[in-house]
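Report on the structure
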Amino acid sequence: MSWIWLRVLLTAALVLLGGVIGHLFGGGERRELQGALAGIAGGLLVFIVRDIWRGHQLLRWLSGGAIGAEPPRMGGFWGEMATRIERALRSRERSAANERDRLAQFLSAIEASPNGVLLLDASEQIEWCNALAADHLGLDRHRDLRQRVTNLVRAPAFVAMLQARAFEQPVQIPQPDGSGLLSVIVRSYGDGQRLVLTQDITERERADAMRRDFVANVSHEIRTPLTVVAGFVETLTNLPLSEVERKRVLALMAQQTQRMQSLVGDLLTLARLEGSPRPSSDAWLPLARLGSAVEMDARGLSAGRHRLSFDWGDEVELAGNEAELLSAVTNLVSNAVRYTPESGQIEVHWRQRPEGAGEITVRDTGPGIAAEHLPRLTERFYRVDGSRSRDTGGTGLGLAIVKHVAQRHGGELLIDSTPGQGSCFTLVLPAMRVRLPAGRVAVSQP
Ligand code: ADP
C-alpha cells in the first residue's frame, strides 16, 4: 500500500507548494487568494500531466509485447502497476510454456507408439496423426491436415464403420499401397472427436494362415494312412482271408503305420527345433563320426541299388548339435537314395571353403527338379511329386528340417538341380563352426 501514501503525499505536496507559491507572488489581499488557487491548479496540472505521461509509457510497453522488453522503470503507483503486470505476464508465460512442453512430450509419446494414431475432429477432419498412421494409411502428415479422412482413406469397411458409428469391433482394411493388412480401431472422445488406432497385422495374419494350413496339412497327412489302416482292420475282422492275403494286408498296415510314425517323428523334430535354444558353438564333434552314421543309414536304405561314394575330409570337427546335424545330413542323403532310380550315382562329400566355412554336399543323378519348384522345396509339406514322395516313405518335412537346422547353426541350405541331370543339395556351415584338430592346417579346396 506504500504507493497510496506516496501518491497522497505527492499530491498534497504539489498542491501545497502551488498554493504557497501563488500566495507569495500574488500581491494584494484578493490577489493572494487567486494566486494560491492558481498555484493549487498548477500543482494539480503538473500531477495530471506526469500521470498521463507515465500511463502512456506503461501502455507503450504493454502494446510492444511487454514480455520480451524491460518494463519502464517508474516509482509509485505506475511503477507498482508495471511490476505487477510484468509478474502476472511472466507467470502466465511460464505456465503456457509448461503446457507446451507437456503437450510436446505427450505427442512424442504418441509418436513412439507401436500403433498408428490419428485424431479426427467432430467433422471427421484430420487434426493430427503420428508418422506410423501416415505411413499405414498413405497420408501426408502436413498436407492432409484438416482434410476429411474418408476422402483420403476410402476402404469401404472403414468408411462404413465411421458412417454407422459402429466402433465396438476393429475392422481390417488393406494398406492403400496393397503391401499389407491393417486392423483399425475407432473410439469417440471429447466433443464428437474420434481417435483412430491402426496396427499392421500383415505378419500376424500370415502366421495365422500358415498355422491353419499346417494344421490342415497334418490332419490330412495323418488321416490318409489312418483311413487305410482302418479299412484293413475291417477287412481282417470281416473277411476270411487266406494266410498269403493276411500277410499282405498286415504288411500294408505296417507300411502305413510306419508312415504315420515317420510323420509324427518329423513333426516332433520340427517342434524341438523351433522350441530349443540355438546349438552351442563350442561343443565339437568329429565329422567322421557323423559321416559313418549317415553312411550306414544310406547303405541300408539303398540296399545295393545305387553307387554310393562318401568323402568326409580330413579329421574335421564341427561345432553344433550332433542329433540335429545328423538328422539334416541323413534327410539329404535319404532323399537322394529315395528319388534316384536304381544304379544311379550318389556322392556325398565335404569341402572347406577358402574363407573357412564348410560344405556337406549331396549330389545325385536322379530325376532333378524343375526351377519353378526350387524356391518352395523347403516349405512344409511341399512336394514336387506327392505320390512318389509318399510311396518312398517321404513326409514332405525333410527339407524344412534341413533348412531349419542349417539356419540354427548360422548356415544355409543351397539347392541346385536340373531336370534330367540330377540334384545337388549343399549344407553350409559358417567358419566359426568348423575346425581342424590342434596342429593341423586347413587345406582349402577350390
Ligand atoms: P519328402 O519327404 O517328400 O521327400 P522333402 O522335404 O525331403 O520331402 O522334399 C521335398 C520335395 O523335394 C520332395 O517331395 C521331392 O519332390 C523333392 N526332392 C527332394 N530331394 C530330391 C532329390 N534328391 N531329387 C529329386 N527331388 C527331390
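Residues numbered from 1 in each chain as written. Predicted model: local features only at pLDDT ≥ 70, side-chain atom pairs only at ≥ 80, totals over all residues. Heavy atoms only, no water.

So, the site of the ligand
Filter applied, for reference: The rule for a residue being near a molecule or strand is that one of its heavy atoms must lie within 4 Å of it. Think of a polar contact as two N or O atoms within 3.5 Å of one another; within protein, one of them needs to be a possible hydrogen donor and the other a possible acceptor, and neighboring residues in sequence only count if both atoms come from side chains. Note on areas: Shrake-Rupley, 1.4 Å probe, and residue coverage restricted to the protein chains presented here. We count a stretch as a helix when DSSP gives it H or I for four or more residues in a row; a strand needs E for two or more, and each element gets its number in order from the N terminus.
Surveying the vicinity of the ligand reveals 20 residues, the closest of which are Asn335, Arg338, Tyr339, Ser389 and Gly396. Here an oxygen atom of the ligand sits 2.7 Å away from a polar atom, N or O, in the side chain of Tyr339. For the ligand, whose accessible area on its own is 530 Å², the fraction buried by protein is 97%. Elements represented by at least two residues in the shell around the ligand include exactly α10 (322-339), α12 (398-408) and β12 (422-429). Considering each element in turn, the shell around the ligand owes the most residues, 4 residues, to α10.

Focus: the pattern of salt bridges
Heads up, the rule is: For this document, the term salt bridge refers to a Lys or Arg side-chain nitrogen within 4 Å of an Asp or Glu carboxyl oxygen. Note on exposure labels: buried denotes an accessible area under 20% of the residue type's maximum, exposed denotes more than 50%, and partly exposed covers the range between, all computed with a 1.4 Å probe on protein chains only.
Tallied over the full model, the rule gives 23 salt bridges. One salt bridge connects Glu243 with Arg246, and the closest N-O pair in it is separated by 3.3 Å. One end of the pair, Glu243, and the other, Arg246, are both in helix α8 (residues 243-275), 3 residues apart, so they sit about a helical turn from each other. Across the pair Arg380 and Glu274 runs a salt bridge, and its minimum N-O distance is 2.1 Å. Highlighted residues: Arg380 in the loop between β10 (358-364) and α11 (386-391) and Glu274 in helix α8, separated in sequence by 106 residues. Residue classification places Arg380 among the partly exposed positions, given a relative accessible area of 28%. Through salt bridges with shared partners, a single ionic network connects Arg351, Arg353, Glu355 and Glu359.

Examining α8
Going by this rule: In this analysis, the expected span of each helix is defined as 1.5 Å times one less than the number of residues it contains. What makes two residues a contact is simply this: any of their non-hydrogen atoms within 4.5 Å.
The end-to-end C-alpha separation of α8 is 47 Å, in line with the 48 Å expected for 33 residues at 1.5 Å each. Every buried residue of α8 is accounted for by Val249, Met253, Gln256, Arg259, Met260, Leu263, Asp266, Leu267, Thr269, Leu270 and Leu273. Where α8 is buried, its residues touch α7 (202-238), α10, α11 and α12.

Remarks on the domain arrangement of the protein
This is how the line gets drawn: Note: domain ranges come from an automatic or database domain assignment.
Under the domain assignment, the protein is made up of domain 1 (2-89), domain 2 (114-200), domain 3 (209-275) and domain 4 (284-435). Distance from the C-alpha centre of domain 2 to the C-alpha centre of domain 4: 51 Å.

Some remarks on the sheet that holds strand β5 (residues 193-200)
Using the following cut-off: A pair of strands is considered paired only if DSSP assigns at least 2 bridges between the two. Every axis corresponds to a line fitted to the C-alpha atoms, with the helix fit spanning only the stretch in contact, and the corresponding angles, defined between N-to-C directions, vary from 0 to 180 degrees.
Read from one edge of the open sheet, 5 strands run β2-β1-β5-β4-β3, paired in antiparallel fashion. Strand pairing shows two members of the sheet lacking a second neighbour, β2 (126-129) and β3 (171-174), which therefore form its edges. Between one strand axis and the next, the sheet turns by 25° as a mean value, whatever way the strands run. With 5 bridges connecting them, strand β1 (residues 116-120) and β5 associate as antiparallel partners. Bridge pairing in β5 places Val117 opposite Leu197.

Some points on unusual backbone geometry
Located in the positive-phi region is Arg165, a residue other than glycine, with phi close to 50°. When you line up the elements, Arg165 lands in the loop between α6 (156-164) and β3. Judged by relative accessible area, which is 52%, Arg165 ranks as exposed. Residues other than glycine seldom take positive phi values, yet Glu315 does so here, at roughly 50°. For Glu315, the location among the structural elements is in the loop between β7 (307-311) and β8 (317-319).

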